[in-house]
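# Analysis of the macromolecular model
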Amino acid sequence: EIMQAFWDVEVVQAKAIQHLTSFVRDESALPYLLTFTELITFAMKTHADSLKLQVDGCSLLLEILSQALEQDVVMALDENVISSLLDTVRKHSENEELLSLICTLLMMISASEVVAENLRKVGVIPDLLSILRNFLPNEKICLSCCGVLWSLAVSENNVALLKSAVPVTSAVLQEHLQNGTVTESACSALWALSLQGCLTEHEYEPTTALLLDALRVNPERPVLVKNACLALASLLRLSEVSALRLVTDSKGSGINLIKDAYRLHFDDPEVVGSICMLINEMVQYDDVVLDMLSQKMEELLFEIKSRF
């Protein structure tokens, strides 16, 4: 009631958010806190110039959402709430701390189809790409933005818009190859973008090389291996150039990477399934088949067949 009665008084809204924050560690308070999400975002929108209120409000929303996820409570933010968060992003586009919080929040909620649709409606993708370009070294921001892109790209109809995401996502992968978590997220986004047919012909080969690097540097991560193999399969389906790069990469043949990935994850059906999908695309090209035979790839296939 106080937040509604004094909606235009910044100090009252700030105190209310601080008061609500004191309840976030109390699990029984979650149903009560969930009723405040719209009031919190309305306070942020009303007092958009107050950076502290934006940071405190977004931190509180993150805490509420984290509690909801832990307790398996669905928290679908409506279009007005999403729009308010996007207004904050645009108003404070240079503030790295606040953008990191909001991007983390967007990643956590974007798995919901309803929220993903609301994010598409308010046109969040250009903002995500701008944030990535401006804060490419920031691992947390890159992780979150690629996660949101992956959720949105699957059902986005504007292919022209998604095409602009390819070089930015590739830059994230190049920048953070040593960080398995970020690389995993970027590979997921590239897989979704490749499925949508967003890559241009001149992007096939360098993207293939990047995905091979991701496998080479992070072979122990099952989700990364699965998504990188699926992205590679999608590229090979589109282009023989990608297939030839896979077997002639200057850093080592992709066939050896596939064998190594299988040896590490032979007991994971999802990873092995993605490897099989990639192999299925490889055998469409005669020159690649010759390389596969020379490296006794049929032995791997026999083993997979007997195991599964």
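For the structure itself, look to the data block above.
Now for a look at the structure at hand. (Residues numbered from 1 in each chain as written. Predicted model: local features only at pLDDT ≥ 70, side-chain atom pairs only at ≥ 80, totals over all residues. Heavy atoms only, no water.)

## Digging into the overall build of the chain
Quick reminder of the rule: Numbering goes from the N terminus for both helices and strands, where a helix is a DSSP run of H or I of at least four residues and a strand is a run of E of at least two. Throughout this description, buried means an accessible area under 20% of the type-specific maximum (1.4 Å probe, protein chains only), exposed means over 50%, and partly exposed covers the range between. Charge convention: Lys and Arg are scored as positive, Asp and Glu as negative, and His as well as the terminal groups of each chain are ignored. By convention, the point assigned to a charge is CZ for Arg, NZ for Lys, CD for Glu and CG for Asp.
The helix and strand inventory of the chain stands at 20 helices and 0 strands. Viewed in the frame of its principal axes, the chain has a C-alpha envelope of about 75 × 40 × 30 Å. Buried residues in the chain amount to 51% of all 308 residues. Each charge sign in the chain was given a centre, from 22 positive and 42 negative side chains, and these centres are 3 Å apart.

## Points about the pattern of salt bridges
The line we're drawing: Salt bridges are identified by distance alone: a Lys or Arg side-chain nitrogen within 4 Å of an Asp or Glu carboxyl oxygen.
A complete count under the given rule lists 16 salt bridges for this structure. Notably, a salt bridge pairs Glu 270 with Lys 226, separated by 3.1 Å at the nearest N-O pair. One end of the pair, Glu 270, is in helix 18 (residues 269-282); the other, Lys 226, is in helix 15 (residues 222-238), with 44 residues separating them in the sequence.

## Considering empty space enclosed by the protein
The test is simple: Definitions used throughout: a 1 Å grid over protein atoms alone; a cavity as a set of points that fits a 1.4 Å probe which cannot get out; a pocket as an open set with protein on both sides within 12 Å along at least five of seven lines; a lining residue as one with an atom within 4 Å of a point. Grid points are joined across faces, edges and corners, and a volume is the space filled by probe spheres set on the points. Asp, Glu, Lys and Arg are counted as charged, while Ala, Val, Leu, Ile, Met, Phe, Trp, Tyr, Cys and Pro are counted as nonpolar; the rest, among them Gly, fall into the polar class.
Across all of its chains, the model carries 1 cavity of 30 Å³ or more by this definition. Taken together, Ile 82, Leu 85, Leu 86, Val 89, Ile 102, Leu 106, Leu 119 and Val 124 form the lining of the largest cavity. Within the residue set of the lining of the largest cavity, elements represented by two or more residues are helix 6 (79-91) and helix 7 (96-109). Taken together, the residues of the lining of the largest cavity break down into 8 nonpolar, no polar and no charged.

## Brief notes about the environment of Pro 269
The topology assignment puts Pro 269 in helix 18. Classification of Pro 269 by relative accessible area gives exposed; the value is 53%. For the pair formed by Pro 269 and Phe 308, sequence separation is 39 residues and the distance between their alpha carbons is 8.3 Å.

## Thoughts on the packing of helix 13 (residues 180-195) against helix 14 (residues 204-217)
Quick note on the threshold: Structural elements are reduced to axes, namely lines fitted to C-alpha atoms, with helices fitted over the stretch in contact, and the angle between N-to-C directions of any two is expressed from 0 to 180 degrees. Handedness of a helix crossing follows the sense of rotation of the near helix relative to the far helix, less than a right angle counterclockwise being left-handed and clockwise being right-handed. Two residues form a contact once any of their heavy atoms are found within 4.5 Å.
Relative to each other, helix 13 and helix 14 sit at 145 degrees, their axes nearing to 11 Å. As for the relative orientation of helix 13 and helix 14, their crossing is left-handed in sense. The residues of helix 14 that touch helix 13, namely those facing Thr 183, Cys 187 and Leu 190, are Thr 207, Leu 211 and Ala 214. In terms of residue class, the contact of helix 13 with helix 14 is built from 4 nonpolar, 2 polar and no charged.

## Regarding the environment of Gly 252
Note on placement: Gly 252 falls in the loop between helix 16 (240-248) and helix 17 (254-265). For Gly 252, a relative accessible area of 26% translates into the label partly exposed. Taking the C-alpha atoms as reference points, Gly 252 and Ala 192, 60 residues apart in sequence, are found 26 Å from one another.

## Things to note about the packing of helix 5 (residues 51-70) against helix 7
Each pair of packed helices gets described by two things: the angle between the helix axes and the distance between those axes. Quick reminder of the rule: Any angle from 65 to 115 degrees is called roughly perpendicular, while one under 35 is roughly parallel, one over 145 is roughly antiparallel, and all others are oblique.
Direction vectors running N to C along helix 5 and helix 7 enclose 25 degrees, while the axes themselves pass 10 Å from each other. It follows that helix 5 is roughly parallel to helix 7 by the angle criterion. As for how helix 5 packs across helix 7, the hand of that crossing is left-handed. Judged by residue contacts, Leu 51, Gln 54, Val 55, Cys 58, Ser 59, Leu 61, Leu 62, Leu 65, Ser 66 and Leu 69 of helix 5 engage Glu 97, Leu 98, Leu 101, Ile 102, Thr 104, Leu 105, Met 108 and Ile 109 from helix 7.

## Quick word on the side chain of Ser 151
Among the secondary structure elements, Ser 151 is positioned in helix 10 (residues 139-153). Discounting residues that sit within four places of it in the chain, Ser 151 has contacts with Ser 110, Ala 111 and Arg 120.

## A few points about helix 14
Basically, it comes down to this: Helix span, expected: 1.5 Å multiplied by one less than the number of residues in the helix.
In this model, helix 14 (14 residues) spans 20 Å end to end at C-alpha, consistent with the 20 Å of a helix rising 1.5 Å per residue. Extensive coverage of helix 14 is indicated by the burial of 10 of its 14 residues. Every buried residue of helix 14 is accounted for by Tyr 204, Thr 207, Thr 208, Ala 209, Leu 210, Leu 211, Leu 212, Asp 213, Ala 214 and Leu 215. Of the surrounding elements, those touching the buried residues of helix 14 are helix 12 (165-175), helix 13, helix 15, helix 16 and helix 17.

## Points about the nonpolar core
Put simply, the test is: Among buried residues, those of type Ala, Val, Leu, Ile, Met, Phe, Trp, Tyr and Cys that are joined through side-chain atoms within 4.5 Å constitute a nonpolar core.
Of all hydrophobic cores here, the largest spans 108 residues; its most connected members are Ile 40, Leu 173, Ile 258, Leu 278 and Met 282. The greatest single-element share of this core, amounting to 10 residues, is contributed by helix 15.

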